[in-house]
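The primary structure of each chain is shown beneath.
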Amino acid sequence: AGKLVLSEESEAFLRDIESRFGRLPREIDQAKDYYRFHLFGQDRVQIGRLFVQPGLRLDHYRLINRTTVSPRLNISLAATPLTTVRAAWGVFYQSPGYEKLFDQTAFFDLFSSASAIQSLRAERSIHTILGVERALTDELRVRVEAYHKSFADLIVQRKGLPDRSLTGGFNPPLVTPIDGVGLDYNRRENWRVVPDVEQIRLGLQPVNDASGRADGFEILLDKSSTHAATRLSGWLSYSFSKSERHRAAVTVVGERGTYTEPATTVPFVFDQRHTLNLVASWRLGRGWDLGGRASYGSGLPITEPVGITPRTLTFTDSLGRPHAEILTDRDGRVVFNLDYGPEQNLFAARKPATYRLDARLTRTTRHWGGEWAYYLDVINLTNHRNVVAYDYFVRQDFARGTVTLERKPTYALPILPTLGLAIRF
């Protein structure tokens, strides 16, 4: 179930609105019972130096009342005593559920219409992977792997004209500033409101209207510790990845004309192009070990607001005519929302690249019938400031009558040392 409870600040804001438009609900509670059924089987067959592993998965999703069948196949060939070639292919499905209530900055309504939900199809992906692994020495091996993934029936927000039954019988308003010099945009009278504008918008209804793809490769160099005299072990990897979602152009016929939205191609939220990792462990001797991990990742995509817009309330008068009013606080100042622009702006920006170096020094001894490991662990040894996210907010200067959009970064952990003890009996 999902429940939304209003904060004290929201309560105060609603009381001000209710003084003009009547009481609004204080709590939204949604619940839906459904189940998922899964059955999976696989086998492994050896034919000389060739290993074949077929598999089959059966899924039934009650929420959409659909059953899917997913074949899988893995093949491994020992081409030489030092070289192995691997290939894999498979079909994968993901059904909509509560994890889809919020996805990639979009909310979905899974409760308004049972027929609309059961018309959905499970998202489908086909994976193809090819890799080669070769032993360079008895402790050193290298692996190269490439993959391609295609996505179909991806669930996105419905794009079209608003459902008038859900918007009070009219379209959402269009709000634009009045041209002028020195106007105070904190005041309602300096904005123009057109209450009933017919244009294509994103709705809350989920639909299977997108496709996508992901391509990439990884190179791994691994050094294991197979001899007592070996002191250095670890691995180094680099990966490149590109993943994007595509949505075809949409044409809608309305009451006042025909409207077209162009096709869009945007990155997925996990589209990190470059990733580099180095993990190493060094035996210093006499029970001392030094370990470390260095990681680098290029910036992940984010959606930045393109501006701000006044918050509005839409309603109909006693004659059924549409009206829209800009909301203000108790002092008569405009309340603003962030404007994230059209769908083409989705994940159009990126966060800065991230870097982190972790280290651990361990002293291991044996006494009292157990193995005692004392360690000093330091996270983010260089105290690098990695941006996790940005908080966007509206700064209103009431004296000058200006309104600006600003952002504040949220950072990951700073340098964090930890002393610890691990005991194994």
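Above this text sits the structure in question.
Residues numbered from 1 in each chain as written. Predicted model: local features only at pLDDT ≥ 70, side-chain atom pairs only at ≥ 80, totals over all residues. Heavy atoms only, no water.

Draft legend 1. Structural detail: the overall build of the protein. The number of helices and strands found in the protein is two helices and 31 strands. Scored against the burial criterion, the 425 residues of the protein give a buried share of 30%. If you take every contact in the protein between residues at least 6 apart in sequence, the share linking residues at least 24 apart comes to 65%. Within the structure as shown, the protein displays about 25,300 Å² of accessible surface, and the carbon and sulfur contribution to it stands at 57%. (Helix = DSSP H or I, 4+ residues; strand = E, 2+ residues; numbered from the N terminus. Buried < 20%, exposed > 50% of the residue type's maximum accessible area, 1.4 Å probe, protein only. Contact = heavy atoms within 4.5 Å. Areas by Shrake-Rupley, 256 points an atom, 1.4 Å probe, with all protein chains shown as cover.)

Draft legend 2. How the structure looks around the pairing of strand β14 (residues 201-223). Both strand β11 (residues 140-160) and β14 contribute to a ladder of 18 bridges, which runs antiparallel. Opposite S150, over in β14, you have R213 as the bridge partner. Pairing analysis gives 14 bridges linking β14 to strand β15 (residues 232-247), with the strands arranged antiparallel. The residue of β15 that forms the bridge with G212 is R245. (Pairing = 2+ DSSP bridges.)

Draft legend 3. Local environment of the packing of aromatic side chains. Within this structure, the stated rule accounts for eight aromatic pairs. Joined through ring pairs, the aromatic side chains of F151, F268 and F270 make up one cluster. Sitting over the ring of Y375, R360 keeps its end group 4.0 Å from the ring centre. (Phe/Tyr/Trp six-rings, centres within 6.5 Å; stacked < 30°, edge-to-face > 60°. Lys NZ or Arg CZ within 6 Å of the ring centre and 35° of its normal.)

Draft legend 4. Examining the pattern of salt bridges more closely. With the rule as written, the count across this model stands at 24 salt bridges. Linking K223 and E139 is a salt bridge whose minimum nitrogen-to-oxygen distance equals 3.1 Å. Here the residue K223 occupies a position in strand β14, and E139 occupies one in the loop between β10 (123-135) and β11, the gap between them amounting to 84 residues. What makes K223 partly exposed here is its relative accessible area of 27%. A salt bridge links R333 to D331; the nearest nitrogen and oxygen atoms lie 3.7 Å apart. Judged by relative accessible area, R333 falls into the partly exposed class, the value being 27%. Within this structure, R86, E133, R141 and D222 form a network of salt bridges that share partners. (Salt bridge = Lys/Arg side-chain N within 4 Å of Asp/Glu carboxyl O.)

Draft legend 5. Representation of the nonpolar core within the structure. The biggest cluster of nonpolar side chains holds seven residues, and these are F151, L154, V156, V207, A210, A214 and F268. When contributions to this core are tallied by element, the ones reaching two or more residues are β11 and β14. Non-local contacts of F151, meaning those with residues more than four positions away in its chain, are made with R124, S125, S211, G212, R213, A214 and F268. Within the second largest apolar cluster, six residues are counted, among which are Y61, I64, L120 and A122. (Core = buried A, V, L, I, M, F, W, Y, C linked by side-chain atoms within 4.5 Å.)

Draft legend 6. A look at the environment of R247. Along the chain, R247 falls in strand β15. Given a relative accessible area of 2%, R247 falls into the buried group. Counting along the chain gives 19 residues from R247 to V266, while the straight-line C-alpha distance between them is 8.8 Å. Aside from chain neighbours lying at most four places away, what touches R247 is V156, Q157, R158, K159, L202, V207, D209, A263, T264 and E343. A distance of 2.7 Å separates the side chain of R247 from the backbone oxygen of Q157, its partner in a polar contact. Engagement of the side chain of R247 in a polar contact is seen with the side chain of E343, the distance being 3.5 Å. (Polar contact = N/O pair within 3.5 Å; in protein donor to acceptor, adjacent residues only side chain to side chain.)

Draft legend 7. Representation of the environment of S281. Considering the arrangement of structural elements, one finds S281 in strand β19 (residues 274-285). Sequence-wise, S281 and A359 are 78 residues apart; in three dimensions their C-alpha atoms are separated by 9.7 Å. Residue contacts for S281: discarding those within four places in its chain leaves R231, L232, S233, L290 and G291.

Draft legend 8. Inspection of unusual backbone geometry at higher detail. With a phi angle near 60°, D153 is a residue other than glycine that sits in the positive phi range. Looking at where D153 falls in the secondary structure, it is placed in strand β11. Judged by its relative accessible area of 17%, D153 is buried. Even without being a glycine, R286 presents a positive backbone phi close to 55°. Mapped onto the elements, R286 comes out in the loop between β19 and β20 (288-297).

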